[in-house]
Amino acid sequence: MSGGNIAIFASGAGSNARELIRHFRGHPRFRVSLVACNRPEAGVIGVAAEAGVPVLNLERERFFRGDGHLPDLMAASIDLIVLAGFLWKVPSALVKAFPDRILNIHPALLPAHGGKGMYGSHVHEAVIRGGDRHSGITIHLVDEQYDHGRTLFQARLDLMPNETPETLAQRIHVLEHRHFPTIVEAFLQNQTSC
Ligand code: GRF
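Residues numbered from 1 in each chain as written. Predicted model: local features only at pLDDT ≥ 70, side-chain atom pairs only at ≥ 80, totals over all residues. Heavy atoms only, no water.

Draft legend 1. Fine view of the overall build of the protein chain. Scanning the protein chain from terminus to terminus reveals seven helices and seven strands. From first element to last, N terminus to C terminus, the protein chain shows the α and β order β-α-β-α-β-α-α-β-α-β-α-β-β-α. For 194 residues, the compact-globule estimate of 2.2 N^0.38 gives 16 Å, and the C-alpha radius of gyration of the protein chain, at 16 Å, lies within 12% of that figure. Looking at the protein chain as a whole, 49% of its 194 residues are labelled buried. Within the protein chain, residue pairs in contact and separated by at least 24 positions form 66% of the contacts whose partners lie at least 6 positions apart. Carbon and sulfur atoms form 52% of the exposed surface of the protein chain, whose accessible area is close to 9400 Å². In the protein chain, which carries 19 positive and 19 negative side-chain charges, the distance between the mean positions of the two groups comes to 2 Å. (Helix = DSSP H or I, 4+ residues; strand = E, 2+ residues; numbered from the N terminus. Rg over C-alpha atoms; globule rule 2.2 N^0.38 Å. Buried < 20%, exposed > 50% of the residue type's maximum accessible area, 1.4 Å probe, protein only. Contact = heavy atoms within 4.5 Å. Areas by Shrake-Rupley, 256 points an atom, 1.4 Å probe, with all protein chains shown as cover. Lys, Arg positive; Asp, Glu negative; His and termini not counted. Charge placed at Lys NZ, Arg CZ, Asp CG, Glu CD.)

Structure (structure tokens):
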């Protein structure tokens, strides 16, 4: 990897995007250069606008059956893609164009509670329904299967008595905000130092 331009892909509120943008603001080597989003009404678009980060609106047809928006990513000289609550599966053309250069955060301890349909509150509901004693976060590389690539980092928490999907989501977000930016930075340091 030569440079340090990060594209965040997100579909939702964008609290992780906000933390990543904040973390890299003023960084001497790495910067969030782009926020790519597939939902025009998503909160993350406001987060990007407020921070002055350009937004790329992803079009379904183009993303899945066209050029995957690759020319847009090339034009922005993107080195690393970070999925932060991104609900579309990354097409294989994009995975191939960014080998070991796409990271994802999953709000549970993979390989438990991953795969198709396991996102947002579905994950937390499954953890509680399954009687798990722990949950946590997983930061991993993205390959062509859902929630499958090599794990880079996990942090765990103990479930509280009377835990609900809502309380768990909040506590998971705290963990995500604490760790995601520093793990992304460490990954970039590692990749660009050799
Ligand atoms: C996070 O919990 C992330 O792990 C999951 O979706 C949520 C996104 O939250 N994949 P936000 O949009 O960053 O607030």
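Draft legend 2. Molecular detail of the site of the ligand. Close to the ligand lie Gly12, Ala13, Gly14, Ser15, Asn16, Gly85, Ile105, Pro107, His173 and Glu176. At a separation of 2.8 Å, an oxygen atom of the ligand approaches a polar backbone atom of Gly14. Note that an oxygen atom of the ligand is positioned 2.3 Å from one of the side-chain N or O atoms of Glu176. Starting from 370 Å² of accessible surface for the ligand in isolation, the protein chains cover 86%. Because more than half of its atoms lie within 2 Å of the grid, the ligand is assigned to the largest pocket. For the shell around the ligand, the secondary-structure elements that each account for two or more residues are helix H1 (15-24) and helix H7 (165-192). Of the residues that constitute the shell around the ligand, the class distribution is three nonpolar, six polar and one charged. (Near = heavy atom within 4 Å. Polar contact = N/O pair within 3.5 Å; in protein donor to acceptor, adjacent residues only side chain to side chain. 1 Å grid on protein atoms, 1.4 Å probe; cavity = no way out; pocket = protein on both sides within 12 Å on 5 of 7 lines; lining within 4 Å. Sits in = over half its atoms within 2 Å of the grid points. Nonpolar A, V, L, I, M, F, W, Y, C, P; charged D, E, K, R; others polar.)

Draft legend 3. Inspection of the sheet that holds strand E5 (residues 102-106) at higher detail. Here seven strands make up an open sheet; going across it, the order is E3-E2-E1-E4-E5-E6-E7 and the pairing mixed. Every other strand in the sheet has two partners, leaving strand E3 (55-57) and strand E7 (151-158) as the edge strands with one partner each. This sheet shows a mean twist of 20 degrees between the axes of neighbouring strands, independent of strand direction. In terms of strand pairing, strand E2 (residues 31-37) meets E3 through three bridges, oriented parallel. Residue Ala36 lies in a different strand from E3, and its bridge partner there is Leu56. Each of strand E1 (5-10), E2 and E3 touches helix H2 (residues 43-51); the most contacted strand, E2, lies at about 150 degrees to it. (Pairing = 2+ DSSP bridges. Axes fitted to C-alpha atoms, helices over the stretch in contact; angles between N-to-C directions.)

Draft legend 4. Examining unusual backbone geometry more closely. Here the amide bond leading from Leu110 into Pro111 is cis, since omega sits at 10 degrees, within 30 degrees of zero. Within the secondary structure layout, Pro111 lies in the loop between E5 and helix H6 (121-129). If you check the backbone angles, Ser77 has positive phi at about 50 degrees while not being a glycine. Of note, Ser77 is situated in the loop between helix H4 (70-75) and strand E4 (80-83). Exposure remark for Ser77: the relative accessible area of 43% places this residue in the partly exposed category. The backbone of Asp147 shows a phi angle near 50 degrees, a positive value even though the residue is not glycine. Secondary-structure assignment places Asp147 in the loop between strand E6 (134-141) and E7. On the basis of relative accessible area, Asp147 is assigned to the buried category, the value being 18%.

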